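# Geometric and topological summary
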Amino acid sequence: MLLQNGIPVRIIDKDPNPRIGQRGPGIWPRSLELFNFLNVPEVNDLGKNLFAIRSYKSETLESGTDSLMVPHSEPTPAIPFHAPKMIGQQLLDVILRRHLEKFSCSVEMGTELRSFEQSDEGVTAVLEKNGTLETFNTNWVIGADGAKGIVRKQLGLTFLGETRDDFRMVMGDIRLHGVGLDRVHWHQFGDFKRGVSLRPTDEIAEDGWQFMIFGGDLDQTKLAQSEELLFETIASLIPTEITFNKLVWVSEFRANIRMVNKFSEGRGFVVGDAAHVHSPTGGQGLNSGIQDAFNLGWKLALVEKGLADKSLLETYNAERLPVISEMLEMTTTILNQSLKTNIFNARRGPILFMLGINCRFSNIVLDEFATPGKPINAYGVLDEANLEAGDRAPDAPNMLQVGGGESYAKTLFSLYRPWYHTVLVFAPSPADATPILGALEAYEKSAVRSAVVLPSSASVTSVESPADLVLVDQKGHAYSAYLVEAGQTKVFVIRPDGVVGAIVRGAEGVKKYLSGIFSEV
């Protein structure tokens, strides 16, 4: 996101090689939307749909019962990325590294951050590579270096919480063939007290599986260290003939539930596992990290370009802390429920799709229509009958561009990008929108773009307008998703992270919102 904003970055990783393994493979719909805004469609294209779970209770393969982990849903005009996708972190890593290469950027492997000091002017970091120390000056430091990383510790942030000894497992990637085990189901044998789960994935090999072994009476550490014992344990839990080909990767896992007291200190920030760790039940970890980075990235870009005051960066903590706090509570509830019922992949609700996550409570969003004083519900379930500032901005297809060259159909998502705000003016005619668009003239053209959205009844073929785009909502999807009536004039300012920053009546509201983001113009 920073690179797309033209901000140079240096990315270091102390590991000498990229990490292998499927690890947490679930990518939820909100994250798929963010990858779309970043122009990384491969995540959705290469990700696989979630398999139905086939559970076996007795000592035979004949006893399997099938269930869906998440409710089935179809894409809608407002939600094109409607279902989670499975993609191993090893492949995701490859995709993102290739994307970085487009910006002439690569991850410096085998390079470790040893320490850093910050002042009002910047950060001085000490790096080590191959035993050689380097002093490097930078404006900011972002720690995406995991739960044991140095950035959080050096910033002096707390990481309070608990380590759960009642939930441990051995997970990894394996190549095996099991008689009667098809590759179109996620197979689960036994339960939390003692069981194994096998998810087929061709990312490893045509006989590849991601496995998880549960069992309080098993010596998990010994299991993770002995290939022979691991094979024996899996064979003992699956009632069919197994041929083992290769153990690709294995790790012992126990549930840690912790979070920082704040996401930043001075010029240093933490994102992802460096800021919060939690139970894997719900698969929200990687996804939350992506959303942390997206929230921080656009704000840091504006400050670095000199377009916003650095006080804007304080809203990163203010907007993410309530979200992550509620997420920890929710994933812990799912874990406790799973332990109580002894079912390790019970059906999950739509809250996990992450489309209802919001920052309605933020002091930089502005809504002239919402009722003030509502309780904070940062990790809500998406409610399409209600759209407020701080919510995720919905999509709408079949938008016809008029004026400004050849007409072609667009989606609203194709307008939203991480390097500018998008001002959507819903108006009966281009003339009704003109006074509102005048409020944008004071702002940097590259940082604020505009589009007039006309109702489907509008009979314009070409039009003169100060807007960057004039669109006719041919099928009424935009008016429906944004809850606008055909004769109404209503303005939505969409932030670079695809969140509705403002819902206002006209020019004054637009000015008020933008003045809260940008430096004095």
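Quick caveat: nothing in here was measured; it's all calculated off a predicted structure.

The subject of this paragraph is the environment of Leu321. Inspection of the secondary structure puts Leu321 in helix H8 (residues 314-341). A sequence separation of 123 residues divides Leu321 from Glu444, and the C-alpha atoms of the two residues are 30 Å apart. The residues contacting Leu321, other than those within four sequence positions of it, are Met259, Val260, Asn261, Lys262 and Phe263.

Next up on the list: the sheet that holds strand E11 (residues 141-143). The sheet built from three strands is open, its strands ordered E11-E18-E17 with mixed pairing. Every interior strand has two partners, whereas the edge strands, E11 and strand E17 (264-265), have only one. Here three bridges tie E11 to strand E18 (residues 268-270), and the two strands are oriented parallel to one another. Paired with Gly143 across the bridge in E18 is Val270.

To continue, consider H8. Taking 1.5 Å of rise per residue, the 28 residues of H8 would be expected to cover 40 Å, and the 42 Å separating its terminal C-alpha atoms lies within 8% of that figure. Residue Arg320 marks the point of greatest curvature in H8, where the axis turns by about 30 degrees; the proline Pro322 follows within four residues. Two residues or fewer past H8, Asn342 is found with a positive phi of approximately 70 degrees.

All right, on to the UniProt feature "domain: FAD-binding" (unreviewed entry) in the protein chain then. Mapped onto the present numbering, the UniProt feature "domain: FAD-binding" (unreviewed entry) falls on residues 2-329. The span residues 2-329 is 26% helical and 34% strand by assignment, and the distance between its end C-alpha atoms comes to 31 Å.

Of note, Asn245 is situated in strand E16 (residues 242-260). The exposure class of Asn245 is partly exposed, given its relative accessible area of 45%. Separated by 38 residues in sequence, Asn245 and Asp207 have C-alpha atoms that sit 8.6 Å apart. Leaving out residues up to four positions away in the same chain, Asn245 has contacts with Arg175, Leu176 and Asp207. There is a polar contact of 2.5 Å between the side chain of Asn245 and the side chain of Asp207.

Another point: helix H7 (residues 285-304). Counted at 1.5 Å a residue, the expected span for H7 with its 20 residues is 28 Å, and the 28 Å between its end C-alpha atoms agrees. For H7, a buried count of 17 out of 20 residues is recorded, marking the element as mostly surrounded by other parts of the structure.

Under the defined criterion, the tally for this structure stands at 19 aromatic pairs. Seen in terms of ring centroids, Phe263 and Tyr316 are 5.5 Å apart; in terms of plane orientation they differ by 85 degrees. Their pairing is edge-to-face. Of this pair, Phe263 sits in the loop between E16 and E17 while Tyr316 sits in helix H8, and the two are 53 residues apart along the sequence. Accessibility assignment for this pair places Phe263 and Tyr316 in one class, buried. By the ring-pair criterion, three or more aromatic residues cluster together here, those being Trp140, Phe263, Phe269 and Tyr316.

Attention now goes to the environment of Ser459. Considering the arrangement of structural elements, one finds Ser459 in the loop between strand E24 (448-454) and strand E25 (469-473). Along the sequence, Ser459 and Pro322 sit 137 residues apart, while their C-alpha atoms lie 46 Å from each other.

With that settled, consider the pattern of salt bridges. One pass over the full model with this rule turns up 26 salt bridges. Between Arg495 and Asp497 there is a salt bridge, with the nearest N and O atoms lying 2.9 Å from each other. An identical accessibility class is assigned to Arg495 and Asp497; each is buried. A single salt-bridge network, built from bridges that share partners, covers Lys299, Glu319, Arg495 and Asp497.

Take the sheet that holds strand E10 (residues 132-138) next. Spatial strand order, E8-E9-E10: three strands in an open sheet with antiparallel pairing. The strands lining the two open edges of the sheet, one partner per strand, are strand E8 (111-118) and E10. Neighbour-to-neighbour, the strand axes of the sheet open up by a mean angle of 25 degrees, direction not taken into account. As paired elements, E8 and strand E9 (residues 123-129) share seven bridges and run antiparallel to each other. Along E9, the bridge assignment pairs Thr111 with Lys129.

About the cut-offs
Residues numbered from 1 in each chain as written. Predicted model: local features only at pLDDT ≥ 70, side-chain atom pairs only at ≥ 80, totals over all residues. Heavy atoms only, no water. Helix = DSSP H or I, 4+ residues; strand = E, 2+ residues; numbered from the N terminus. Contact = heavy atoms within 4.5 Å. Pairing = 2+ DSSP bridges. Expected span 1.5 Å × (residues − 1). Bend = angle between axes of the 7 residues up to and from the residue. UniProt positions renumbered as here; feature names shortened; annotations may be inferred. Buried < 20%, exposed > 50% of the residue type's maximum accessible area, 1.4 Å probe, protein only. Polar contact = N/O pair within 3.5 Å; in protein donor to acceptor, adjacent residues only side chain to side chain. Phe/Tyr/Trp six-rings, centres within 6.5 Å; stacked < 30°, edge-to-face > 60°. Salt bridge = Lys/Arg side-chain N within 4 Å of Asp/Glu carboxyl O. Axes fitted to C-alpha atoms, helices over the stretch in contact; angles between N-to-C directions.

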